[in-house]
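Structure at a glance
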Amino acid sequence: MSRCKEEEIIFDTMREADVWADSIANEMYGRLYDSYSTPDYKIAYALAFRLAAIENCRVYTKDENAENKYKIYAAFDDSNS
């Protein structure tokens, strides 16, 4: 089952977006969501890098130009746990 969190927030600075992305990465690592959709490229960028830093996480991104959204997907490999 795919669970996507969608938000419309846009931040002015990369720092604000990174702090926000950190909380979203924790929620995705906790398996609350499989993906995240945002119109803010700063959040998408920060979230993709935060998830990529997790050893057992594969990150996929999609630029949905028709909807002016960026989507980040996370897949976790728990076989090494």
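As the structure is a computational prediction, the values presented were derived from the model and not from experiment.

Let us now look at the overall build of the protein chain. Scanning the protein chain from terminus to terminus reveals two helices and four strands. For the protein chain, the succession of helices and strands along the chain, N to C, is β-α-β-α-β-β. Against the globule reference of 12 Å for 81 residues, the protein chain gives a C-alpha radius of gyration of 12 Å, in line with a compact fold. Expressed as a percentage of its 81 residues, the buried residues of the protein chain come to 36%. By sequence separation, contacts in the protein chain at least 24 residues apart represent 60% of the contacts at least 6 residues apart. In the structure as shown, the protein chain presents an accessible area of about 5300 Å², 50% of it carried by carbon and sulfur atoms. Positive and negative side-chain charges in the protein chain, numbering 10 and 16 respectively, have mean positions lying 2 Å apart.

Across all of its chains, the model carries three aromatic pairs by this definition. On the basis of an interplanar angle of 55° and a centroid distance of 5.5 Å, the ring pair of Phe11 and Trp20 is categorised as tilted. Residue classification places Trp20 among the partly exposed residues on the basis of a relative accessible area of 28%. When the ring of Tyr29 is compared with that of Phe76, the centres are 5.6 Å apart and the planes differ by 75°; the resulting orientation is edge-to-face. Within this pair, whereas Tyr29 is found in helix α1 (residues 14-29), its partner Phe76 is found in strand β4 (residues 69-76), the two being separated by 47 residues in sequence. The buried category is assigned to Phe76, whose relative accessible area is 18%. When the ring centre of Tyr29 is taken as origin, the NZ or CZ atom of Arg31, which lies over that ring, is 5.6 Å away. Against the face of Tyr41 rests Lys42, its NZ or CZ located 5.0 Å from the ring centre.

Read across the open sheet, the four strands follow the order β1-β2-β4-β3; overall the sheet is mixed. The open sheet has two edge strands, β1 (4-6) and β3 (57-64), and neither has a second partner. With direction set aside, neighbouring strand axes in the sheet form an average angle of 15°. Sheet topology places β1 next to strand β2 (residues 35-38); three bridges connect them, and they run parallel. In the strand pairing of β2, Lys5 is matched with Tyr36. Across the sheet, α1 is in contact with β1, β2 and β4; its angle to β4 comes to roughly 40°. This element, helix α2 (residues 41-52), spans β2, β3 and β4 of the sheet and lies at about 10° to β4.

Definitions and cut-offs
Residues numbered from 1 in each chain as written. Predicted model: local features only at pLDDT ≥ 70, side-chain atom pairs only at ≥ 80, totals over all residues. Heavy atoms only, no water. Helix = DSSP H or I, 4+ residues; strand = E, 2+ residues; numbered from the N terminus. Rg over C-alpha atoms; globule rule 2.2 N^0.38 Å. Buried < 20%, exposed > 50% of the residue type's maximum accessible area, 1.4 Å probe, protein only. Contact = heavy atoms within 4.5 Å. Areas by Shrake-Rupley, 256 points an atom, 1.4 Å probe, with all protein chains shown as cover. Lys, Arg positive; Asp, Glu negative; His and termini not counted. Charge placed at Lys NZ, Arg CZ, Asp CG, Glu CD. Phe/Tyr/Trp six-rings, centres within 6.5 Å; stacked < 30°, edge-to-face > 60°. Lys NZ or Arg CZ within 6 Å of the ring centre and 35° of its normal. Pairing = 2+ DSSP bridges. Axes fitted to C-alpha atoms, helices over the stretch in contact; angles between N-to-C directions.

In short, the description is geometric, and any link to function would need to be established separately.
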